[in-house]
Structure formats: structure tokens, C-alpha cells
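Okay, here's what each chain looks like letter by letter:
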Amino acid sequence: MEHVSPLIIRLNTLHQELAAELQAIKTIAEFEAIRNKFIGKQGSITIESKNIKDLSLEEKRTTGSIVQDIRKKVEELIEHTQQQLITRLQQEVELQKQFFDVTAYTTNALESSVHPYTRVIQDLEDITMNMGFEIIYGMELETEFANFEALNIPVDHPARESHDTFWLTLPGKLLRTHTSNVQSHMLQERKPPFAITTMGRTYRNEATDATHDYMFMQFEIMIIDTKQSLSNLIAIAQEIFRCFFKNNELKSRIRPGFFPFVEPGIEVDIQCPFCQNGCSICKRTTWIEAGGAGLVHPNVLELCGVDSTKYTACAFGFGLTRLVMLKYGINDVRLLHGCSLDFLKQF
Ligand code: FA5
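Below: a short report on this structure. The shown structure was predicted, so the numbers you read here are calculated from the model rather than taken from an experiment.

## Considering the overall build of the protein
Moving on, step 1. Summing up its helical and strand segments, the protein has 13 helices and nine strands in all.
Moving on, step 2. At 37 Å, the protein has a C-alpha radius of gyration far larger than the 20 Å of a compact globule built from 347 residues.
Moving on, step 3. Counting the 347 residues in the protein, one finds 42% classified as buried.
Moving on, step 4. As displayed, the protein has an accessible area near 19,900 Å², and 54% of this comes from carbon and sulfur atoms.

## Digging into the packing of aromatic side chains
Moving on, step 1. The tally for this structure, following the rule as stated, stands at ten aromatic pairs.
Moving on, step 2. Between F244 and F245 the ring centres are 4.9 Å apart and the planes differ by 75°, which places this aromatic pair in the edge-to-face class. Take F244 and F245: they sit in the same class, and that class is buried.
Moving on, step 3. Judged by centre distance (5.2 Å) and plane angle (70°), the rings of F343 and F347 are edge-to-face.
Moving on, step 4. Three or more aromatic residues joined by ring pairs make a cluster, and in this case those are F219, F241, F244, F245, F316 and F318.
Moving on, step 5. Just above the ring of F244 sits the side chain of K327; from NZ or CZ to the centre is 4.3 Å.

## A closer look at helix 2 (residues 28-39)
Moving on, step 1. The end-to-end C-alpha distance of helix 2, which contains twelve residues, comes to 16 Å, matching closely the 16 Å that a straight helix rising 1.5 Å per residue would cover.
Moving on, step 2. Residues of helix 2 that are buried: F31, I34 and F38. Taken end-on, helix 2 shows its buried residues confined to a sector of 70°, consistent with a single buried face. Turned more than 90 degrees away from the buried face of helix 2, the exposed residues are A29 and N36.
Moving on, step 3. Where helix 2 is buried, its residues touch helix 1 (6-23), helix 3 (44-50) and helix 4 (57-98).

## Quick notes on the nonpolar core
Moving on, step 1. One finds L124, F219, I240, F241, F316 and L320 to be the most contacted residues of the largest nonpolar core, which totals 43 residues.
Moving on, step 2. Elements that contribute at least two residues to this core include exactly helix 5 (116-130), strand 5 (215-225), helix 9 (230-245), strand 7 (262-271), strand 8 (287-296), strand 9 (312-319) and helix 11 (320-328).
Moving on, step 3. At seven residues, helix 9 tops the list of elements feeding residues into this core.
Moving on, step 4. Contacts of F241, omitting those with residues within four sequence positions, involve F219, K246, F318 and L323.
Moving on, step 5. Core analysis: the next-biggest nonpolar cluster, separate from the first, contains 24 residues, M186, M222, I224 and V300 among them.

Calculation notes
Residues numbered from 1 in each chain as written. Predicted model: local features only at pLDDT ≥ 70, side-chain atom pairs only at ≥ 80, totals over all residues. Heavy atoms only, no water. Helix = DSSP H or I, 4+ residues; strand = E, 2+ residues; numbered from the N terminus. Rg over C-alpha atoms; globule rule 2.2 N^0.38 Å. Buried < 20%, exposed > 50% of the residue type's maximum accessible area, 1.4 Å probe, protein only. Areas by Shrake-Rupley, 256 points an atom, 1.4 Å probe, with all protein chains shown as cover. Phe/Tyr/Trp six-rings, centres within 6.5 Å; stacked < 30°, edge-to-face > 60°. Lys NZ or Arg CZ within 6 Å of the ring centre and 35° of its normal. Expected span 1.5 Å × (residues − 1). Arc of directions from axis to C-beta. Contact = heavy atoms within 4.5 Å. Core = buried A, V, L, I, M, F, W, Y, C linked by side-chain atoms within 4.5 Å.

This is the structure we're talking about:
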């Protein structure tokens, strides 16, 4: 009988063990572990193959090519198994996709809810539509003219400083700093009389704190016809907020305010719902600035091609973000744009 080197016998045994173990694998991790176990640096086949160096010259000659053959078969087996495994895993993923049931009920699923922003927008849309306002969805990407110049804020006007603007690389284009940009478009496009409301995102390149963000929402109305007055505007604003806050007993106050696009101008503050005697959110004043309002400046009407001797307009612009905070008692604006599920689950 032909003599078979013990080295070849051991290698053949390891080859068979490898084949048996590879048959049972289900994952790439299991495959990698087995590959390492047999042909890794410290793998049993690797170490065993190195024993060839201890054989005599004669033995090396007869067993060398057999060892080579076994190593080749081992590598082919590993390669083939890997290909098969990858194909099988890909097929499983495809199969799972085919049977993915979007309606499947799972007891662990989080219930979805409406974001407080969406709730407030829907409330304000309902209230203003019922009062006869037309809702306009304005543009966030705006021209310098519509955002500033048409609103009586020329290039060198100091009011531009309070609107730290995100300028685009496109000349004369910016992210709107307020929803009053809709005023200038409507005055240019529509023939008075009309009453519009708009709400949406606005952007200012400013530092954030509990009540300021670089992206926030505003809510604006404008009415134009032949007889508008500040008292009418205040009455409309009070009615909107009476409906909006429902039984809320939040108090508000009005004080003179300057905006280049209104004359006279006022600012509206709402009593801080988070404290009695002043806190960090209201900056120890017990009042939170909610928005500005006034009679649209005749310059704005003329710049937009409206006869200011015939028409008067009134407008207000409120921080919609602040209304959300006041309504739901949210003490940090940044929570609204974060993704904290603990926060969102409450709504
Ligand atoms: C304006 O933006 C005017 N366009 C409002 C206006 C419209 C006045 C029509 C007159 C007539 P102001 O910069 O004050 O005004 O912003 C209005 C409101 O937006 C503020 O009172 C505040 O409630 C909110 N607001 C302003 N900056 C921020 C900010 N960084 N983060 C959150 N809310 C803000």
C-alpha cells in the first residue's frame, strides 16, 4: 500500500471538517469566523501546512504538490461558499421586501401625532378663513426688493441690521427674514380691496436662545381697502387670539413700535406663561414679545404701485413659533426643531 504522509492525512481531515462546518453557516459573521479558524494567520490549516518545512527533502518532493492541491481545494471551497452565502442573503432580502406588509400591526409601534407647528397652523388657517381672509403661501427664497426695498427698507436703512440676513450666492437673493415679503408681492399683484393671511418659515442669521432661533415661523395678515384703522386691526388681532387661545387667560399689552413699513407702528407682548415675577425665558420682564403691527406706510403702497391717497392698509406679523410656545407651554424654541421623541410624544 502506498505510504501517505501523516501531514496529508491531517490536512485532509481538516479539509473535511471545514466542509462540514461551512455547510451549517447562516451569516457572514459565522462564515468569517470559520474562515479564520481554518485559514486565518493562526488557522489550523495554515499552521498544519507550515509543518512541511520539517519533512525530509524526499518527503517534501512527494507531499509538496499534494499539500498545494489541498490548499487550492480549500480556497475554492471557501470562495464558492462565500458566493453562495451572499447570493442567498440577497435573495432573502428581496423576498422580505416582497412580503413587507405596511399595515402589519405591531404592539411596540409608537403612535404618531401631529406636530405642534402643524396644529397651530391648522388652527390659524381655520380661524382666519372663517373671518374671510384668503390664505397665501409665500416664497421663502426672496428678492432683496420684495423683502426690503418695497417695504421701505432701502440698502442703508438701519432696520436691516435687526434682520441678520442669510444672503444667497445669487445676486440680490436671500432667505426671507419675515413674512412681510408677502405684503409686497400681493400689493404689486392684486387690485385692492383684499384681505390676506400668510404663515411660514423665516430665517435670520442670529444666535439661538430659548426664544430665538435662526429659522422660525411667522404669521401675518394684511387688509387693504379705502378705510382701514389701527383700532380695526387691534380688534381683529384680539378676535383671532381669543379664538386661538380659547379659554386661555393670557394677558397682552400694546406699546409703540417702529417698523419702516408701517406708520404708526405698535408691538404686542403676551404675558409670560412660565413665571409670575420674571424668568430667563421672558428675560425677567414677565412679557414675551409676540409681534408687530400698524398701518402700512404710504411709501410701501406707492413703491408697490398702489394709490396711497385712495387706499389704506393695515397689517400685523406675529412670531408663530412664539404662539406655539405660549399655547403649549414650551419653554425652549429649539425643542420644536429637535427630534426628541420624549418631547414629541406629548402631543
Ligand atoms: C417683523 O418681522 C415684522 N415683519 C412684523 C410686522 C408685520 C410689523 C407687519 C408690522 C406689520 P419682528 O422682527 O419684530 O418684526 O418679528 C416679529 C416677531 O417674530 C417677533 O415679535 C417675535 O415674536 C418673532 N421673532 C423674531 N425673531 C425671532 C427669532 N429669532 N426666533 C423666534 N421668533 C422670532
